[in-house]
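Geometric and topological summary
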Amino acid sequence: MTSDEERLNLVQRLAEKQSQKNELSLSERAAEKLAAMQKETSSPKPNIQTPSTPAAATNNTTSADTNTNAPKEKNHLSQPDAKPPAKGKFAEIDLARIQRDGFISPNLPQTRLAEEFRTIKRPLLLNAFGAEESRIKNGNVLMVTSARPGEGKTFTSLNLAMSIAAERDLHVMLIDADVYKHQLCTVLEISSHHGLVDLLLDDTLDLTDVLVRTNIPNLTVLPSGDRHPSATELLASQRMADFMRDIAERYPDRMIIIDAPPVLASSEPGVLALLVGQIVMVVESDKTDRYTIDQSLDLISNCQNINFILNKSTNSFGSGLSKAYTYYDEYHK
Ligand SMILES: Nc1ncnc2c1ncn2[C@@H]1O[C@H](COP(=O)(O)OP(=O)(O)OP(=O)(O)O)[C@@H](O)[C@H]1O
Ligand SMILES: [Mg+2]
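Residues numbered from 1 in each chain as written. Chains lettered and ligands numbered in written order. Predicted model: local features only at pLDDT ≥ 70, side-chain atom pairs only at ≥ 80, totals over all residues.

Considerations on the overall build of the protein chain
Put simply, the test is: In DSSP terms, a helix is any run of H or I states spanning at least four residues, a strand is any run of E spanning at least two, and both are numbered starting from the N terminus. Partly exposed residues are those whose C-beta has more than 12 but fewer than 20 other C-beta atoms within 10 Å; 20 or more makes a residue buried and 12 or fewer makes it exposed, with C-beta atoms placed from the backbone. Contact between two residues is assigned when their C-beta atoms, built from the backbone, lie within 7 Å.
Across its full length, the protein chain holds 13 helices and 8 strands. Split into buried and exposed, the 333 residues of the protein chain put 47% on the buried side. Of the contacts formed within the protein chain by residues at least 6 apart in sequence, a portion of 78% connects residues at least 24 apart.

Here is the structure:
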């Protein structure tokens, strides 16, 4: 039996055991609380139409896209209703600072980076919320990973989240699943909160106890939580599997983006690949070699929808980010 089959069997056995317990799952309990919290801000189901010229989602490689049927973006901060939520944990993201740090800010929707991520998000959104025949199972749950450290996972996760949160009618839950570095929370300066690890450890907690709302109305963040020596095991546990399955089903109108650790440096992405609908695999231009990519793909092959982003490219004739750069420059010159 291969290690993948063993892992699958383990998850299946644990699933049966869990279902026998006949108890409310994390998000079932959370759902009631969250429903009450979200009465004011809940959004209708997104209505994303398949574009007449479909984007390159079919070959699972991001590329420029001319979709004009896309949901309209709005600058939330310019909206009179952009208020902090009344209940739950809340973090004020310093938008000027993250913008200085090289991330997309809703204050400045017309930047080259924002344009690139508009291109990148389209096929992912179509996989998640497109026409029924093009939608994929659990497509709204997306893991961002890469082979090795430092290739741009957090950069991609946060920018993708910012870009999707700019869509009307779409909410984003950004999960910091890098329990060793919790770099996402560091960037957003919300590292002191409890989070995913605590949720998995303590069954008296529910999602709404640890979910952090932000000054971007469509963006909530689930911090990684306190460091724990068994964090890897927790992320590979049945409780995690239940949690992932539940949030995918309970929040079908929400894009759930997971900033995961690197595939070759930790086992979590391999386990999470079983649970997510889509993966964005960040490939660092001129650095990540073919052999490394192949090795990584073997480990996350349980997910059928793996998309690639070529990051940090300076070559204007490549794919992914570099292609978007070219279009933007030509259009805006
Ligand atoms: N496209 C880009 N343009 C400019 N800088 C980038 C780009 N992508 C990533 N970086 C920078 O490269 C560094 C590493 O990126 P990031 O932290 O996102 O990598 P990571 O894969 O999340 O790393 P880790 O494995 O340590 O979590 C950061 O300083 C980030 O700002
Ligand atoms: Mg990171």
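Concerning the site of ligand 1
Convention followed: Residue proximity rests on one test: whether the C-beta atom, placed from the backbone, lies within 6 Å of the molecule or strand. Following the grouping adopted for this structure description, the nonpolar residues are Ala, Val, Leu, Ile, Met, Phe, Trp, Tyr, Cys and Pro, the charged ones are Asp, Glu, Lys and Arg, and the polar ones are all others, Gly among them.
Close contacts around ligand 1 come from 15 residues, with Pro 149, Gly 152, Lys 153, Thr 154 and Phe 155 the closest. The leading source of residues in the shell around ligand 1 is helix α5 (residues 153-165), at 3 residues. Its residues placed into classes, the shell around ligand 1 shows 3 nonpolar, 7 polar and 5 charged.

Quick notes on the packing of helix α4 (residues 112-129) against α5
Heads up, the rule is: Helix axes use the C-alpha atoms of the stretch in contact, all axes being lines fitted to C-alpha atoms, and the angles between their N-to-C directions lie in the range 0 to 180 degrees. Roughly parallel means an angle under 35 degrees; roughly antiparallel, over 145; roughly perpendicular, 65 to 115; everything else is oblique.
Packing of α4 against α5 brings their axes to within 9 Å, and their N-to-C directions diverge by 80°. Accordingly, the angle class assigned to the pair α4 and α5 is roughly perpendicular. Residues Leu 113, Ala 114, Phe 117, Arg 118, Ile 120, Lys 121 and Leu 125 of α4 form the contact with α5, whose participating residues are Asn 159, Leu 160, Ser 163 and Ile 164.

Observations regarding α5
Convention followed: Helix span, expected: 1.5 Å multiplied by one less than the number of residues in the helix.
In this model α5 runs 18 Å from its N-terminal to its C-terminal C-alpha over 13 residues, within 8% of the 18 Å that 1.5 Å per residue would give. Within α5, 13 of the 13 residues are buried, which leaves the element mostly enclosed by the surrounding structure.

Considering the nonpolar core
This is how the line gets drawn: In these notes, a nonpolar core means any group of buried Ala, Val, Leu, Ile, Met, Phe, Trp, Tyr and Cys residues linked to one another through C-beta atoms within 7 Å.
Grouped together as the largest cluster of nonpolar side chains are 80 residues, with contacts concentrated most on Leu 142, Ala 161, Val 172, Ile 256, Ile 257, Ile 258 and Val 276. If sequence neighbours within four positions are ignored, Val 172 has contacts with Ala 161, Ile 164, Ala 165, Asn 218, Leu 219, Arg 254, Met 255 and Ile 257.

A word on the environment of Thr 119
Mapped onto the secondary structure, Thr 119 falls in helix α4. Note: C-alpha distance between Thr 119 and Ser 163 (44 residues apart in sequence) is 9.9 Å.

Considerations on the sheet that holds strand β7 (residues 278-284)
Spelled out, the test is: In this analysis, strands are considered paired if DSSP registers two or more bridges between them.
The strand order across the open sheet formed by 8 strands is β1-β4-β5-β3-β6-β2-β7-β8, and the pairing between neighbours is mixed. Two strands close off the open sheet at either side, each with one partner strand: β1 (89-91) and β8 (306-311). When strand polarity is set aside, the average angle formed by the axes of neighbouring strands in this sheet is 25°. Where strand β2 (residues 141-146) lies against strand β6 (residues 254-259), 4 bridges are found, and the strand directions are parallel.

Focus: unusual backbone geometry
The phi torsion at Asp 169 lies on the positive side, around 70°, for a residue other than glycine. Looking at the element boundaries, Asp 169 is found in the loop between α5 and β3 (171-176). A residue is classified by how many C-beta atoms lie within 10 Å of it, and Asp 169, with 16 of them, is partly exposed. In this structure, Glu 189 takes a positive phi of about 55° despite not being glycine. Residue placement: Glu 189 occurs in the loop between α6 (183-188) and α7 (196-201).

Looking at the pairing of β2
Taken across its 6 residues, β2 has 6 buried, putting it largely inside the fold. One ladder, built from 5 bridges, connects β2 with β7; its direction is parallel. Bridge assignment links Thr 145 to a residue of β7, and that residue is Met 281.

Regarding the confidence of the model for the protein chain
Our working definition: Per-residue confidence from the predictor is reported as pLDDT, a score between 0 and 100.
Of the residues in the protein chain, 67% reach a pLDDT of 70 or more, and the chain-wide mean stands at 74. Across the protein chain, the element-wise mean pLDDT spans from 37 in helix α13 (residues 321-332) up to 97 in β2. Per-residue pLDDT stays below 50 along residues 74-86; that stretch engages in 19 contacts with residues further than four places along the chain or on separate chains.

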